[in-house]
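# Reading the structure
Listed below are the residues making up each chain.
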Amino acid sequence: MVQYIILKNKFRSCLWAAIFSVALLYFLMFQLCGVTLAACFLNKERRYTQMILGSAAGSVLLMWLPSLCAFLFSFSITAHVLALISLLLLTVGAVFLKRPKLLPNDFPGKHKAFCRAERTLLLPLGLWLLFVFLVLHSFRYQNGEIWSSQCTYGDMSMHLGFIASIADQKTFPPMYSILPGVKLSYPFLSDSISSSLYLLGAPLRFAYVLPMLFAGAQVFFGAHLFWQRWLRDKAKTALAEILFFLNGGFGFAYFFPNLQNGTDNFTRIFTSFYETPTNLVNQNIRWVNVIVDMLIPQRATLFGWAVLFPLLYVLYRAVYEQCERYFIIAGIFAGGLVMIHTHSFLAFGLICGVWLCFALCRRVFRGSSAHVQFTAKVAALVLMLLAFGAQFVTPKLISRESSVFLYLVLVCAAAFVLFVLALLIMAIRKGFGIQLVKTWGVFLLITLLLAAPQLFTWTFSQASGDSFMRGWYNWGNLQDGYLWFYLVNLGVTALLFLPAFFTADQRRFTVCAPAAVIWFICEFVVFQPNTYDNNKLLYAAYFLVCGVVASYMVEIYRRLRTLPGRRALAVGALVLCMLSAVLTIGRESIAGYCLYGDSQLKAAEYIYENTEPEDTVLTDMRHNNEIAALTGRNIVCGSTSYVYFHGLDYTERETDMQSMFSAPQANCALFEKYSIDYILVSAYERNNFNVNEAEIEALFPCVFDENGVQIYKVTF
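Report follows, based on the coordinates. (Residues numbered from 1 in each chain as written. Predicted model: local features only at pLDDT ≥ 70, side-chain atom pairs only at ≥ 80, totals over all residues. Heavy atoms only, no water.)

### Brief notes about the overall build of the protein chain
In terms of helices and strands, the protein chain carries 29 helices and ten strands. Taking 716 residues into account, the globule formula puts the C-alpha radius of gyration at 27 Å, and the protein chain, at 27 Å, falls close to it. Across its three principal axes, the protein chain shows a C-alpha extent of roughly 85 × 70 × 50 Å. Within the protein chain, buried positions represent 57% of all 716 residues. Taking the intrachain contacts of the protein chain between residues at least 6 apart in sequence as the baseline, contacts between residues at least 24 apart amount to 78%. Entry remark: accessible area of the protein chain is about 29000 Å², with carbon and sulfur atoms responsible for 65%. A distance of 21 Å separates the average location of the 52 positive side-chain charges in the protein chain from that of its 42 negative side-chain charges. (Helix = DSSP H or I, 4+ residues; strand = E, 2+ residues; numbered from the N terminus. Rg over C-alpha atoms; globule rule 2.2 N^0.38 Å. Buried < 20%, exposed > 50% of the residue type's maximum accessible area, 1.4 Å probe, protein only. Contact = heavy atoms within 4.5 Å. Areas by Shrake-Rupley, 256 points an atom, 1.4 Å probe, with all protein chains shown as cover. Lys, Arg positive; Asp, Glu negative; His and termini not counted. Charge placed at Lys NZ, Arg CZ, Asp CG, Glu CD.)

What follows is the structure in structure tokens.
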């Protein structure tokens, strides 16, 4: 709540501490119950694996149980109490049925042995600590103002607005506070988990940050679990983590020329806005760093990967290690993923499709695995050649945004589905029908039962517009040739991917093969108005690619054991892999931009304390709007960088806002149309709209006036 943003006296600090503890205990209760459930149903897993998967389960439950109860009781305290009761009943029932052994008898001794044996966990731990620092740095109070870092300057205000409006307005399903009357179709569960803490009295910053810190741990350690299980090698696992989380191409090369004439070209990394080696649009550097530009600013991606990576571990155990009961767990996790992060759900669906195809081939073509693998590699090569070759027909023969590309993908998808159906029929005829029903059948049934209501309620209605699924070639490439674009953006990983992919053994290839399918689709189809957002799918493919490339690099290193200076070469390769990321992270660690100044915070505090949660305020369309972000109140229309890329039409509202600001007396009907209760006039409104302040002051009483910011109460 805004009144807790800046603590003004000791009494308020004590009150804050008491209420804060309720929110913290509520959050930790879900985490504890999640770990307990993991101990019940994953009793053969190691303790730290149970903790990671259980923590992810706890976060999913905190997103979903209050939301399910909110359909009946709104997003209220009552709904959250019922959610907690449901969780406790579920946990007590599981403990009673499974009777898990929560701690080994010789825990201290095993703890020491674990620390010695699992030193590779130090890398994800270090990455997580770095993430914690950057998250805390990205939302901080400084001299009575709210400051952000570079990466959160754009998106954080939108997420704060979702968090505050869901908690304060309590409407469920939630509506856009930046476009009142329109159902919130963005995957809002990544924000509602913070809304729950905010509703229970936690300060906005605490409610925003705490779930992110746990989600970050689930991402880093969940990825470690998957790579460790798949690659079966500590060095390969560690290198995969470096390639993925400290990713960066050769963008650093643009900052080193002309150093002999001065350091300005290099130091602009740390002084300019978004001119980093992993995000340099003028030079077509578009493959951003995972930590800085994906996990921290994009909450849906963060919480989506916090489910996706542990989920891939569970499904890998089910598919490749024949742990049949894991299919049920994977189905539950997958079904809940849609409104956490739709892109992760789609990526997971594509991965499942390819893994299912290989699973059917293993049953149908027993003894012919080499032929199956060869055929699959040829098919992958064809997909890659199609993506590469399309550059020679665009834009001379075919427009880059031609529907031909969409039809190409649809035809390939139809052929793939028919092939899988043919394999399924052959597998059933060979007597594998019952086994398939008990494994893949159960998994798909659970996933569809849980996902279908979300897809039909939110996703399909949003994605039905013309600006969503459509043909588009080479997503974010603005100017370069196809191969050069990926070479500069992906760096060493791009150089080694093809040899690593096509020389991989059967297990590594079949696990990584979905990357080729995802990449092929993303090169020809976009799924949202912002074509750049295809990277949310591509990074799921890149996650698999990093595993196979890391394995290839380690194997080369081991084969060169007699080569003089191989360690120096290895260090040089690591520097090339990490340098762009290190410079980008260095920039982020010192970046600071004021989001909300003192007068904005005072205006927001007034609105919060003197208005109703459903009230609407007329402001301009700036992205750092203190009313939308900090009070949970409605504004007529939010920033175009938010509403446009959500596929929402705002043009009429923008025109009407101009009319209301410039001629309020002649447009009284518009104030009634949008149910406007207050008008905020500040430097932003004066600069962006033709504000008729004299007429506004004559019509409405001014209820707040400080440092050039006025708030008028609409009294029609």
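### Focus on the environment of Ala581
By the element assignment, Ala581 lies in helix H22 (residues 566-590). C-alpha separation for the pair Ala581 and Pro277, spaced 304 residues apart in sequence, amounts to 7.4 Å. Ignoring any residue separated from it by four or fewer positions in sequence, one finds Ala581 in contact with Leu246, Asn247, Thr278 and Asn289.

### A closer look at the side chain of Gln528
Tracing the backbone through its elements, the reader meets Gln528 in the loop between strand E4 (525-526) and helix H21 (535-559). Within polar-contact distance, the side chain of Gln528 engages the side chain of Asn534 at 3.0 Å. (Polar contact = N/O pair within 3.5 Å; in protein donor to acceptor, adjacent residues only side chain to side chain.)

### Quick look at the sheet that holds strand E2 (residues 145-148)
Pairing is antiparallel across the open sheet formed by three strands, whose spatial order is E1-E2-E5. Only two strands of the sheet have a single partner each, and these edge strands are strand E1 (139-142) and strand E5 (593-596). Neighbour to neighbour, the strand axes of the sheet diverge by 45° on average, direction disregarded. Of the strand pairs in this sheet, E2 and E5 are connected by three bridges, and their pairing is antiparallel. Bridge assignment links Ile146 to a residue of E5, and that residue is Tyr596. (Pairing = 2+ DSSP bridges. Axes fitted to C-alpha atoms, helices over the stretch in contact; angles between N-to-C directions.)

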